Amino acid sequence: MKKGMILALSLAAAVSLNAAVLATVNGEEITDADLTPALGAAHSSDLDKIPAEMKKNLVTRVIERKLMLKQAKSEGIEKDPEFKKLLDELADNVAINLWMKKQFDSLKVDSAKVKDFYNKNKDKFIMPAQSRAKHILVQTEKEAKDIIKSLNGLKGDALQSKFSELAKSKSIDKGSAANGGELGWFKASQMVPEFADATFKLKKGEMTKTPVKSQFGYHIILKEDAKDQTTLSLDEVKTNIENQIKSEEFKTAMQKKVDALKKDAKIEYK
């Protein structure tokens, strides 16, 4: 047996040994590895983060699938002509998809094309200015003015701390209130105009002197940080450009291959 195969088998054995047993059905173990198809490969690493009830539901789905599969096989489904037909169709689709993947992977994008695309499309790689801020949202202008009054005179960490404290206790935006009013980084286009205008006019560490009215109520805003508009560098977008060019070249290359195959084939429409 080849060393590579031995290593693969060893790794597979290690994974199965480390897999947590979540249930058994007719003596067969259901492990966390069995949940990957139900959860989706892209989220398989998040298994430990999902709620217990959701995890239990996933386990139930796996159990049901195994029971149905066993029943189907016991009734001779694998001997059914339709089973063979569908299996052949599936194999054909896998063969075509794998072949196309290999064609795509074999394409190499000229670095000069990438650079030329970047230079001609720099306007597409502009990152708008961003702000990071906290806010306290209340229903009335009086409430907002009272909060601003209680925060006036504070600066730096003292302002940050008191602002977060008041956001947690007074803000009606419960989503951000739980995090002390924190909104994170955002572009102007992501906020309602009144809020965006007021925030982007503030300096770093500065708070609005008067309440900012919007359709949601009255805001008190504390600007934490800012990022100027920038143009992403070639290195930052190189992979995306390569994939875009590669996709276009792949379409052209595949059409040429198909046209050539059709030309060499004897095709009769009836």
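Please refer to the structure placed before this passage.
Here's a quick rundown of the structure. What you are looking at is a predicted structure, and each value in this text was computed from that prediction instead of being measured. The residue numbers shown here count from 1 along each chain, following its written sequence. In keeping with the model being predicted, local features are shown solely for residues with a pLDDT of at least 70 and side-chain atom pairs are shown and tallied solely at 80 or more, while totals for entire chains, interfaces and linings include all residues. As a convention, hydrogens and water are excluded, and side-chain values are obtained from all of the structure's heavy atoms.

Examining the pattern of salt bridges
By definition here, a salt bridge exists when the distance from a side-chain nitrogen of Lys or Arg to a carboxyl oxygen of Asp or Glu is within 4 Å. Under the counting rule described, the total for this entry stands at 15 salt bridges. The partner of Lys204 in a salt bridge is Asp225, and the shortest N-O contact between them spans 3.9 Å. Highlighted residues: Lys204 in the loop between α9 (193–201) and β6 (212–214) and Asp225 in strand β7 (residues 217–227), separated in sequence by 21 residues. You can call Asp225 partly exposed: its relative accessible area is 25%. Between Lys270 and Glu268 there is a salt bridge whose closest N-O contact spans 3.8 Å. The cut-offs for exposure are 20% and 50% of the maximum accessible area for each residue type, with area from a 1.4 Å probe on protein chains only; residues under the lower value are buried, those over the upper are exposed, and the others partly exposed. With a relative accessible area of 92%, Lys270 lands in the exposed category. Connected through salt bridges with shared partners, the residues Arg132, Glu182 and Glu224 form a single ionic network. The helix count covers DSSP runs of H or I at least four residues long, the strand count covers runs of E at least two residues long, and both are numbered beginning at the N terminus.

Section: the sheet that holds β7
Pairing between strands requires that DSSP locate at least two bridges from one strand to the other. Taken together, the four strands give an open sheet; going across it, the order is β5-β4-β7-β6, and neighbouring strands pair in antiparallel fashion. Every other strand in the sheet has two partners, leaving β5 (182–187) and β6 as the edge strands with one partner each. If you compare each strand with its neighbour and ignore which way they point, the axes differ by 45° on average. Pairing geometry for β6 and β7, over three bridges, is antiparallel. Directly across from Val212, in β7, lies its bridge partner His219. Lying on the sheet, helix α6 (residues 141–151) is in contact with β4 (130–138) and β7; it crosses β7 at an angle near 45°. Any two residues whose heavy atoms approach within 4.5 Å are treated as being in contact. Axis angles are defined between N-to-C directions and span 0 to 180 degrees, where every axis is a line fitted to C-alpha atoms and, for a helix, only to the segment in contact. Most of the contacts of α9 go to β7, to which it runs at about 45°, and overall it touches β4, β5, β6 and β7.

A few points about the packing of aromatic side chains
Two numbers describe a pair of aromatic rings. These are the distance of the centres and the angle of the planes. Centre distance within 6.5 Å is the pairing criterion for rings of Phe, Tyr and Trp, where only the six-membered ring of Trp is used; planes under 30 degrees apart are then read as stacked, over 60 as edge-to-face, and the remainder as tilted. For the structure on display, the rule yields four aromatic pairs. Centroid distance Phe186 to Phe195: 6.1 Å. Interplanar angle 55°. Geometry classified as tilted. Each of the two residues, Phe186 as well as Phe195, counts as buried. Centre to centre, the rings of Phe186 and Phe200 are 6.3 Å apart; their planes meet at 75°, and the pair counts as edge-to-face. Taken together, the residues span a long stretch of sequence, with Phe186 in strand β5 and Phe200 in helix α9 at a distance of 14 residues. Looking at Phe186, the relative accessible area reads 2%, which means it is buried. Note on Phe200: relative accessible area 27%, which makes it partly exposed. Note on criteria: charge over ring means Lys NZ or Arg CZ within 6 Å of the ring centre, with the direction from the centre no more than 35 degrees off the ring normal. Sitting over the ring of Trp185, Lys227 keeps its end group 4.3 Å from the ring centre.

Digging into the pairing of β7
Within β7, eight of the eleven residues are buried, leaving the element largely enclosed by the surrounding structure. By the bridge criterion, nine bridges tie β4 to β7 in an arrangement that is antiparallel. From the neighbouring strand, Arg132 faces β7, where its bridge partner is Asp225. Hairpin connection, β6 to β7: the antiparallel pair is bridged by two residues.

Quick word on the packing of helix α5 (residues 111–120) against helix α10 (residues 234–264)
Helices that pack against each other are described as a pair by the angle of their axes relative to one another and the distance between those axes. Look at α5 against α10: their axes get within 9 Å of each other, and the N-to-C directions meet at 110°. In terms of axis orientation, α5 runs roughly perpendicular to α10. Facing α5, whose interface residues are Lys113, Val114, Lys115, Phe117 and Tyr118, α10 presents Leu234, Val237, Lys238, Ile241, Glu242, Gln244, Ile245 and Glu249. Angle categories are assigned with fixed cut-offs, so that under 35 degrees is roughly parallel, over 145 is roughly antiparallel, 65 to 115 is roughly perpendicular, and the rest are oblique.

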